[in-house]
Amino acid sequence: MSGMANYEKRRQEDAKKKAKSNTRAKSGAGSKSAGRSRAAQRVGASDSPCPVDARCGGCKNLCVPYTKQLIDKQLRIERLFAPLAPDGTISLIKGMKDPYHYRNKVISPFAPGKKLPPRGQDRKAIDSRNRKAADVRGAKGGKGKRPQARYEILTGMYAAGSHELVPTDKCLIENETAKKVVLAVRDIMRKHDVAPYREDTGTGFMRHVVVRVGHTSGEVLVTLVTNSDDFPSSKSFCRELIRLCPAVTTVVQNVNERQTNVILGDKERVLYGPGFILDELCGLSFRISSKSFYQVNATQTEVLYRAAMELAGFDGTQVAIDAYCGTGTIGLVAAKSGAARVIGVDSVESAIARTNARHNGVENAEFVAGDATDFMCALAKEGVLGAESPEEGAQAGGLVVLMDPPRAGSTEEFLRAAAALAPERIVYIYCNLETQARDVEFLDSIGYAVVAVQPVDMFPHTDHIECIVALEPVDSLSPDRWGKEGGEEEAPDNEGTPDAEEEVAEEEALDGEVADSADPAIDEEVE
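Residues numbered from 1 in each chain as written. Predicted model: local features only at pLDDT ≥ 70, side-chain atom pairs only at ≥ 80, totals over all residues. Heavy atoms only, no water.

**What about unusual backbone geometry?**
Logical step 1: With phi around 55 degrees, Asp193 is a residue other than glycine that occupies positive phi space.
Logical step 2: Looking at the secondary structure, you find Asp193 in the loop between helix H6 (176-192) and strand S4 (206-213).
Logical step 3: Judged by its relative accessible area of 13%, Asp193 is buried.
Logical step 4: The phi torsion at Tyr324 lies on the positive side, around 55 degrees, for a residue other than glycine.
Logical step 5: Secondary-structure assignment places Tyr324 in the loop between strand S10 (319-323) and helix H9 (329-335). (Helix = DSSP H or I, 4+ residues; strand = E, 2+ residues; numbered from the N terminus. Buried < 20%, exposed > 50% of the residue type's maximum accessible area, 1.4 Å probe, protein only.)

**A look at the sheet that holds strand S2 (residues 150-158)**
Logical step 1: Strand order in the open sheet formed by seven strands is S3-S2-S1-S4-S5-S6-S7, with mixed pairing between adjacent strands. One side of each edge strand has no neighbouring strand; the edge strands of this open sheet are strand S3 (165-167) and strand S7 (267-272). The average angle at which neighbouring strand axes cross in this sheet is 35 degrees, direction not considered.
Logical step 2: Two strands pair when backbone bridges link them, and strand S1 (residues 105-116) and S4 are joined in this way by five bridges, in the antiparallel orientation. For Lys105, the partnering residue across the bridge sits in S4 and is Arg212.
Logical step 3: Seen against the sheet, H6 touches S1, S2, S4, strand S5 (220-226) and strand S6 (248-255) and runs at an angle of roughly 150 degrees to S4.
Logical step 4: On top of the sheet, helix H7 (residues 234-244) reaches S4, S5, S6 and S7; it is set at about 55 degrees to S7, its chief contact. (Pairing = 2+ DSSP bridges. Axes fitted to C-alpha atoms, helices over the stretch in contact; angles between N-to-C directions. Contact = heavy atoms within 4.5 Å.)

**Brief notes about helix H12 (residues 412-420)**
Logical step 1: Of all the residues in H12, the buried ones are Phe414, Leu415, Ala417, Ala418, Ala419 and Ala420.
Logical step 2: With its phi angle positive at about 50 degrees, Ala422 sits one or two positions after the end of H12.

**Quick word on the confidence of the model for the protein chain**
Logical step 1: The predicted model of the protein chain has a mean per-residue pLDDT of 80, with 72% of residues at 70 or higher.
Logical step 2: Contacts for the low-pLDDT stretch residues 141-148, under 50 throughout, to residues beyond four places or in other chains number twelve contacts. (pLDDT = per-residue confidence, 0-100.)

**Topic: the environment of Ala365**
Logical step 1: Within the fold, Ala365 resides in strand S12 (residues 365-369).
Logical step 2: Look at Ala365 and you get buried, because its relative accessible area is 15%.
Logical step 3: When the C-alpha positions of Ala365 and Ile321 are compared, they lie 9.7 Å apart, and in sequence the two are 44 residues distant.
Logical step 4: If sequence neighbours within four positions are ignored, Ala365 has contacts with Leu332, Ala335 and Val342.

In structure tokens form, the structure reads like this:
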């Protein structure tokens, strides 16, 4: 049985035990408390700084002091990786100094609320232009149709585990400028009688608004997700939005006519501005469009990437493979952080990565379109990186694999191929700890051992953690693991491994022994 299969079997057994325990614990609980957040159950919604904390599914731990949140996450990391990481290799979690309003990307759905009385005006007096604009107010494809009734327009977050919309005018984790834009869109919809989308019938016009704010540039991209292509009042809508929110630099209409939970559709058109924004990260400028992957917490993304580069140990000689490269953020940071050459691969956004490389004048990075697993398997079989000379190849100064896979994690084929290339280091960045531990255990079974674990709190007040795991070969590695004959190599010298950071004990952590913990004043405010 493979390492992944063993891990999955143990995970399922643990899940069954946990489910039985939860069933016993909830046997006497009422149905109402079952849907409330853990924090609200502990201290009551009245103690929360958020008025909808007990209903909203956005963040679970607002009632927990931030230092305690970091302690809980640290202990979770240590429990999960203890079987895989030698003593002293798990570092303290890197928290935020100000863990509020950090989400630079805000997605808000729209839904109809209570029925409203008709406006006190003569509908027959509406001119032909407004009559055409009324098409967007009612049902999808309703050419010439009038809305039969008017409703409140709700926007906010979904309740935990449901599609019940919880209206919010403020949010403690969303960027404040982005939230103002969301509320402005809602108000303009009310003014123009633009109907919100109804999930149950697939009718209505405005489904979502997605707002992205440049952390350093301050530029704002607004994506209006609509239920049909026809948007006759788009120019006046944009003019009103720019008037209310001058920070908005571009507006895009995204058309999604499918009855699905997927937010964005395939068709887009630019309504105002260039259709993208620019933002700076780790000294590089990145072009961000409506569909670009870009971390939602730019402050902690810089912390994350700098920690990853430190663990990669670039000294100007290594070739780096940036697998699952997306828009090229990690690869371009590596190219500027000591990697001699960077090769990025992504099945969707490699073209955007190339644009970002040209925009930053980075000449030692190239990006190819393709499936990451197929790409790595092909490299492993060839035993080369397509270099024009040996000096340009991976063997010149060693190979480092950087990987930040999608939500499902990596594959056994990818991991085998990565090990077959015999990199001197694998740096694995990921936000799903259980899946990451599964993949790390598999790498351990094929000759790569954990040398460092660095958690980063990218999502304060939630249970999510971003984690970097660095691995190195522990014994002689043949040129590949595809059945070729290979000579032996000496095991890596561990004498240069940095001294391990002090292990976190719960009683010490309660005294504030957590890296970059929140300011005490913030903890008091949360409490």
